[in-house]
Amino acid sequence: MTQILIVEDNGDFAADMAEFLVEHGHEVSITASAAEMWAALTRNPTAVVVLDLGLPDEDGFDVIPRLRQLYPEVGLLVLTGRVAFDSRILGLRLGADHYLTKPIKFPELAAHIEALERRVRPAEAAPVPGKWILKVSARKLEMMGAVIDLTEKECNFLHLLTINTRPVPRQVIVAGMGGEDPDAGRRVDMLVYRLRKKARSGLGQDLPLRSAYGEGYSLSAGFALS
């Protein structure tokens, strides 16, 4: 089973595509804009993104390099109506793994996803005793046998940092916490403050969270996912 995120503003086409892929054993989510995509990526593990270039809020050619930078482990398959040869070359050079054009037969799409699976399928991470363990489904953080409960947003925030090797920009974090809400940036700061305080009091440890000015947040220690 591959976790697939479809980013497509044609609702009927996206639903038909998702239905076909689900029938073939995949787990599929649909978003209709770039903003929805960024938010979904902070919430759910994703192995392959199927990206339309003609999104209502952001051009796909602007999305590709940022997606590749923030989520280098995710397979990126462009599915678009832009058939020009130059567009195909540009999409691949910006970081797409595959560039497919509409109309397309879904079995061909599935074959490309299967090819991407061989590159993006992650190894199962086993919890390491004495290390930070983020229990995503249970929304708990464990360290040396001590456990604290996390809110949904706290868990999503830590999960986002865990799956990225580079600092996660604030705008990506904000997208997952309310997008255009003018107070979202302040709420990120408050979330970080509460998390640090909760880890110190509940786990007896300082949270290994690094804030890099102009870059965002990252973890300074490895987290195991459970």
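An account of the accompanying structure is given in this report.

Conventions and cut-offs
Residues numbered from 1 in each chain as written. Predicted model: local features only at pLDDT ≥ 70, side-chain atom pairs only at ≥ 80, totals over all residues. Heavy atoms only, no water. Helix = DSSP H or I, 4+ residues; strand = E, 2+ residues; numbered from the N terminus. Buried < 20%, exposed > 50% of the residue type's maximum accessible area, 1.4 Å probe, protein only. Contact = heavy atoms within 4.5 Å. Phe/Tyr/Trp six-rings, centres within 6.5 Å; stacked < 30°, edge-to-face > 60°. Pairing = 2+ DSSP bridges. Axes fitted to C-alpha atoms, helices over the stretch in contact; angles between N-to-C directions. Salt bridge = Lys/Arg side-chain N within 4 Å of Asp/Glu carboxyl O. Patch = residues over 30% accessible without salt bridge, like charges linked within 9 Å, V, L, I, M, F, W, Y side chains within 5 Å. Areas by Shrake-Rupley, 256 points an atom, 1.4 Å probe, with all protein chains shown as cover. Lys, Arg positive; Asp, Glu negative; His and termini not counted. Charge placed at Lys NZ, Arg CZ, Asp CG, Glu CD. Polar contact = N/O pair within 3.5 Å; in protein donor to acceptor, adjacent residues only side chain to side chain.

### Re the overall build of the protein chain
Scanning the protein chain for helices and strands turns up eight helices and 11 strands. Burial statistics for the protein chain: of 226 residues in total, 46% are counted as buried. Restricting to contacts in the protein chain with at least 6 residues of sequence separation, those with at least 24 account for 59%.

### Quick word on the packing of aromatic side chains
Enumeration according to the criterion identifies four aromatic pairs in this entry. When the ring of phenylalanine 13 is compared with that of phenylalanine 106, the centres are 5.9 Å apart and the planes differ by 40 degrees; the resulting orientation is tilted. With phenylalanine 13 in helix 1 (residues 11-23) and phenylalanine 106 in helix 5 (residues 106-120), this pair connects stretches of sequence that are 93 residues apart. For the residue pair phenylalanine 13 and phenylalanine 106, the accessibility class agrees, reading buried in each case. Centroid distance phenylalanine 20 to phenylalanine 106: 5.7 Å. Interplanar angle 45 degrees. Geometry classified as tilted. With phenylalanine 20 in helix 1 and phenylalanine 106 in helix 5, this pair connects stretches of sequence that are 86 residues apart. Under the relative-accessibility criterion, phenylalanine 20 is labelled buried at 17%. Take phenylalanine 106: its relative accessible area is 17%, and that puts it in the buried class. By way of ring pairs, the aromatic residues Phe13, Phe20 and Phe106 are connected into one cluster.

### Concerning the sheet that holds strand 3 (residues 48-51)
Spatially, 2-1-3-4-5 is the arrangement adopted by the five strands of the open sheet, whose pairing is parallel. Whereas interior strands pair on both sides, the edge strands pair on one side only; in this sheet they are strand 2 (27-31) and strand 5 (98-101). Sheet twist, expressed as the mean angle between neighbouring strand axes with direction ignored, is 20 degrees. Here helix 1 sits on the sheet in contact with strand 1 (3-7), strand 2, strand 3 and strand 4 (75-80), set at roughly 170 degrees to strand 2.

### As for the pattern of salt bridges
For the coordinates displayed, the defined rule picks out 10 salt bridges. For the salt bridge of arginine 139 with glutamate 152, the shortest nitrogen-to-oxygen distance reads 3.9 Å. Pair noted here: arginine 139 is in the loop between strand 6 (132-135) and strand 7 (140-143) and glutamate 152 is in helix 6 (residues 152-162), with a separation of 13 residues, a long-range link. Linking aspartate 206 and arginine 200 is a salt bridge whose minimum nitrogen-to-oxygen distance equals 2.8 Å. The exposure class of aspartate 206 is exposed, given its relative accessible area of 52%.

### As for a negative patch on the surface
Residues Asp12, Asp16, Glu19 and Glu23 make up a contiguous surface patch of negative charge. Within the secondary structure, glutamate 23 sits in helix 1.

### What to know about the environment of threonine 165
The residue threonine 165 is located in the loop between helix 6 and helix 7 (170-175) in this model. Since its relative accessible area comes to 74%, threonine 165 is described here as exposed. Sequence separation between threonine 165 and glycine 222 is 57 residues, and the spatial gap between their C-alpha atoms is 9.8 Å.

### Focus on helix 3 (residues 60-70)
For helix 3, the full list of buried residues reads Gly60, Phe61, Val63, Ile64, Leu67, Arg68 and Leu70. Measuring from the backbone nitrogen of phenylalanine 61 back to the side-chain oxygen at the start of helix 3 gives 2.8 Å, which picks out aspartate 59 as the cap.

### A closer look at the environment of arginine 194
By secondary structure assignment, the location of arginine 194 is in helix 8 (residues 184-202). What makes arginine 194 partly exposed here is its relative accessible area of 41%. Separated by 40 residues in the primary sequence, arginine 194 and glutamate 154 have C-alpha atoms spaced 9.0 Å apart.

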